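Here's the letter readout for the chains.
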Amino acid sequence: MPQTLPAHVDTLIIGAGLAGLSTALHKGSGADAAIVEALPHVGGKACTERIGEFLFDVTGHWLHLRDPGIKALVLGLMGEDAFHRVDRISRIWSHGVYTEYPFQANTHGLPPAVVHECLMGAIEAARARPTGPVAPEQEPENFADWIRFYFGDGIARHFMVPYNARLWGVPATEITSHWCQRFVPKPDLSDIVAGGVGLNALKLGYNAHFLYPRRGGIQTVSEALADAVGRDRIHLSTRVTALDLTARRATLADGRVIGFRHLVNTMSLKALLRVVADLPDDVRAAGERLRATPVTYFNVGVRGTLGVRDHWVYVPEADWPMYRVGSFSNAVPTMAPPGHASLYIELADRETPPEALKPRVVEGLIAMGFIERAEQVLFMEARHIPDAYVIYDFHYHESRAAVHRWLASQGAQSIGRYGDWNYSSMEDALIDGRRAAESSGVRREPGA
Ligand SMILES: Cc1cc2nc3c(=O)[nH]c(=O)nc-3n(C[C@H](O)[C@H](O)[C@H](O)COP(=O)(O)OP(=O)(O)OC[C@H]3O[C@@H](n4cnc5c(N)ncnc54)[C@H](O)[C@@H]3O)c2cc1C
């Protein structure tokens, strides 16, 4: 409630996404901390929308918990039974056939000439690489070269280069490989060859299993965290419009002012720089060099069951406007009403208005076997994420570091996927919050 917002807090947290909620939670219930959130709900990107009886996250939001403390926190708050443990089902659809994920270790099933090109390319790349473990400085920085270095020309041409250009919205030559060390599986040559002849049974990648709430979508995780923080400390529909880091004051959209000692920001770094007073020119220039790519996607309700069981499918070919098709209800049926299914469809075509892409997307769904007839599509609603993916271009490290250095000099922390400005997961956002709580005051265990 607006009237409960204090005039001064020890720690002001901007944003009630997972990073902001985790910061408040890890500071402990005794801390003098408040969260201000622009939207009327908690969760940030980890939120769930209802359309009729269907539930949709902001595209696939699958939970990977590796950090023991964060895992204990989330499972402790919600109970293990609240989650379904899902074994990933994910494939690539290209040349009119499905192959297993990841492409580089599973080319079997593609036309023989394509498999041959992929395997020969991988063999040549392995021959050209230095023997023994590759030191980071031996890796090409340019992502397109990095792909060829590890996988060869065939895998680059048939999947890695076009798919990544469609996902990132920029050619692979414009980005560095720094984002991908954790996310792109690097099978060895023997596994690539085994995958070409249909022998690979490896479940590669960071996302071979994931957790997902049995009911209510990913929003339930955000709500559980918000309950643990205490709703009275979270001020919704409260947007920060100006920040004076010297006077330690934040001005809100309705004109109210709140003073603070510590600041933990989770709104996007670029947005933060737009509201900060007295920004030095070099910091402003560094901020302007930070780039992100937007994503438009469709939330789709379907009558009947889907003909494909996958949780998501990658689409690398330019013939189709989408780069990925996923299904919430294939992971957890409660995301759609009985007798129905739900899809999210992420669009690679960022130029054409989404409405004009619908007929071709539906053709794609039929060609891929998700649905049999266009009439099964009950609705298809477009949603837009303005800065979905931070672009790791050749200015990225230097510009981001310059901004963070200056913020640190002003006693401000900026964390989370967008506050820190990186490509990271929900768990990372929770870890960021824990770290911020540790460094911006005395840390207490949640609930202590
Ligand atoms: C398309 C997509 C798919 C993803 N899929 C997955 C996945 O499968 N698994 C996974 O682990 N992660 C996934 N992620 C990443 C995950 O969404 C993020 O890592 C995480 O939710 C980020 O949380 P955050 O708190 O850092 O940022 P956010 O969720 O963006 O929270 C920032 C908050 O700040 C608020 N805010 C902004 N400006 C202001 C202001 N001026 N005043 C007050 N408040 C403000 C915002 O409203 C928002 O609530 C995905 C992300 C995207 C975009």
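Residues numbered from 1 in each chain as written. Predicted model: local features only at pLDDT ≥ 70, side-chain atom pairs only at ≥ 80, totals over all residues.

### Examining the sheet that holds strand 6 (residues 90–94)
Then step 1. Read across the open sheet, the seven strands follow the order 7-6-14-15-16-13-17; overall the sheet is mixed. Lying at the two open borders of the sheet, with one neighbouring strand each, are strand 7 (97–100) and strand 17 (377–390). Strand-to-strand twist in this sheet, taken as the mean axis angle between neighbours without regard to direction, amounts to 25°. (Pairing = 2+ DSSP bridges. Helix = DSSP H or I, 4+ residues; strand = E, 2+ residues; numbered from the N terminus. Axes fitted to C-alpha atoms, helices over the stretch in contact; angles between N-to-C directions.)

### Details of the packing of helix 3 (residues 112–128) against helix 4 (residues 143–168)
Then step 1. Following both chains from N to C, one finds helix 3 and helix 4 inclined at 160°, their axes separated by 7 Å at the closest point. With respect to helix 4, the element helix 3 is oriented roughly antiparallel. As for how helix 3 packs across helix 4, the hand of that crossing is right-handed. Taken together, the residues of helix 4 that come into contact with helix 3 (itself represented by Val114, Glu117, Cys118, Met120, Gly121, Ala122, Glu124 and Ala125) are Arg148, Phe149, Tyr150, Phe151, Gly152, Asp153, Gly154, Ile155 and His158.
Then step 2. Its residues assigned to classes, the contact of helix 3 with helix 4 comprises nine nonpolar, four polar and four charged. (Parallel < 35°, antiparallel > 145°, perpendicular 65-115°, else oblique. Left-handed = near helix turned anticlockwise from the far one by under 90°. Contact = placed C-beta atoms within 7 Å. Nonpolar A, V, L, I, M, F, W, Y, C, P; charged D, E, K, R; others polar.)

### Some thoughts on the site of the ligand
Then step 1. Taken together, 39 residues lie near the ligand, and Gly15, Gly17, Gly44, Gly416 and Ser425 sit nearest.
Then step 2. Tallied by class, the residues present in the shell around the ligand amount to 20 nonpolar, 13 polar and six charged.
Then step 3. Each of domain 1 (2–46 + 72–84 + 214–291 + 392–439) and domain 3 (292–390) gives at least three residues to the shell around the ligand. (Near = placed C-beta within 6 Å. Domains from an automatic or database assignment.)

### A few points about the domain arrangement of the protein chain
Then step 1. Here the domain parsing of the protein chain yields domain 1 (2–46 + 72–84 + 214–291 + 392–439), domain 2 (104–196) and domain 3 (292–390).
Then step 2. Domain 1 and domain 2 are separated by 36 Å when their C-alpha centres are compared.
Then step 3. Across the contact, five residues belong to domain 1 and five residues belong to domain 2.
Then step 4. Partitioned by chemical class, the residues of the side of domain 1 that touches domain 2 number four nonpolar, no polar and one charged.

### Side note on the nonpolar core
Then step 1. Residues Leu12, Leu21, Ile147, Met322, Val325 and Ile345 are the most contacted members of the largest nonpolar core, which totals 131 residues.
Then step 2. The leading source of residues in this core is helix 4, at 13 residues.
Then step 3. Once residues within four sequence positions are removed from consideration, Leu12 is found in contact with Ala34, Val36, Ala250, Ile258, Phe260 and Leu263. (Core = buried A, V, L, I, M, F, W, Y, C linked by C-beta atoms within 7 Å. Buried ≥ 20, exposed ≤ 12 C-beta atoms within 10 Å, placed from the backbone.)

### Examining helix 3
Then step 1. Across its 17 residues, helix 3 extends 24 Å between first and last C-alpha, which sits within 8% of the 24 Å expected from 1.5 Å per residue.
Then step 2. Burial in helix 3 covers these residues: Val114, Val115, Cys118, Leu119, Gly121, Ala122 and Ala125. End-on, the buried residues of helix 3 take up no more than an arc of 160°, which puts them together on one face. Among the exposed residues of helix 3, those pointing more than 90 degrees away from its buried face are Pro112, Ala113, Arg127 and Ala128. (Expected span 1.5 Å × (residues − 1). Arc of directions from axis to C-beta.)

### Points about the confidence of the model for the protein chain
Then step 1. Here the protein chain shows a mean pLDDT of 94. Residues at 70 or above account for 96%.
Then step 2. The model gives residues 441–448 a pLDDT under 50, and that stretch makes 17 contacts with residues more than four places away or in other chains. (pLDDT = per-residue confidence, 0-100.)

### Re helix 10 (residues 354–367)
Then step 1. Here helix 10 contains 14 residues, and its C-alpha end-to-end distance of 19 Å stays within 8% of the 20 Å for a straight helix at 1.5 Å per residue.
Then step 2. Its maximal kink placed at Arg360, helix 10 deviates by approximately 30°.
Then step 3. Those residues of helix 10 lying buried are Pro354, Leu357, Val361, Val362, Gly364 and Leu365.
Then step 4. Buried residues belonging to helix 10 abut strand 13 (292–303), strand 15 (322–326), strand 16 (340–347) and strand 17. (Bend = angle between axes of the 7 residues up to and from the residue.)

### A closer look at unusual backbone geometry
Then step 1. Backbone torsion omega between Tyr101 and Pro102 reads -5°, so that peptide bond is classified as cis.
Then step 2. With respect to the element layout, Pro102 can be found in the loop between strand 7 and helix 3.
Then step 3. With phi around 50°, His95 is a residue other than glycine that occupies positive phi space.
Then step 4. If you check the backbone angles, Ser237 has positive phi at about 50° while not being a glycine.
Then step 5. Tracing the backbone through its elements, the reader meets Ser237 in the loop between strand 9 (234–235) and strand 10 (240–244).
Then step 6. In this structure Ser237 comes out as partly exposed when scored by C-beta crowding, with 14 C-beta atoms within 10 Å.

### Quick word on the pairing of strand 11 (residues 249–252)
Then step 1. Looking at chain direction, strand 10 and strand 11 are connected through four bridges and run antiparallel. Looking across to strand 11, one finds that Asp244 is bridged to Arg249.
Then step 2. Between strand 10 and the antiparallel strand that follows it, strand 11, lie four residues; Arg248 among them carries a positive phi value of about 55°.
Then step 3. Taken together, the three bridges between strand 11 and strand 12 (residues 257–265) define a ladder with antiparallel strand orientation.

### Digging into the pairing of strand 2 (residues 33–36)
Then step 1. In strand 2, alternate side chains face the same way, and those of Ala33 and Ile35 on one face and Ala34 and Val36 on the other are all buried.
Then step 2. Sheet topology places strand 1 (residues 8–14) next to strand 2; four bridges connect them, and they run parallel. Across the sheet, Thr11 pairs through a bridge with Ala33, a residue of strand 2.
Then step 3. Since strand 1 and strand 2 lie parallel, the crossover through helix 1 (residues 18–27) that links them has a hand, and here it is right-handed.
Then step 4. Examined bridge by bridge, strand 2 and strand 9 share two bridges and lie parallel to one another. In the strand pairing of strand 9, Val36 is matched with His235. (Right-handed = clockwise from strand over helix to strand, strands pointing away.)

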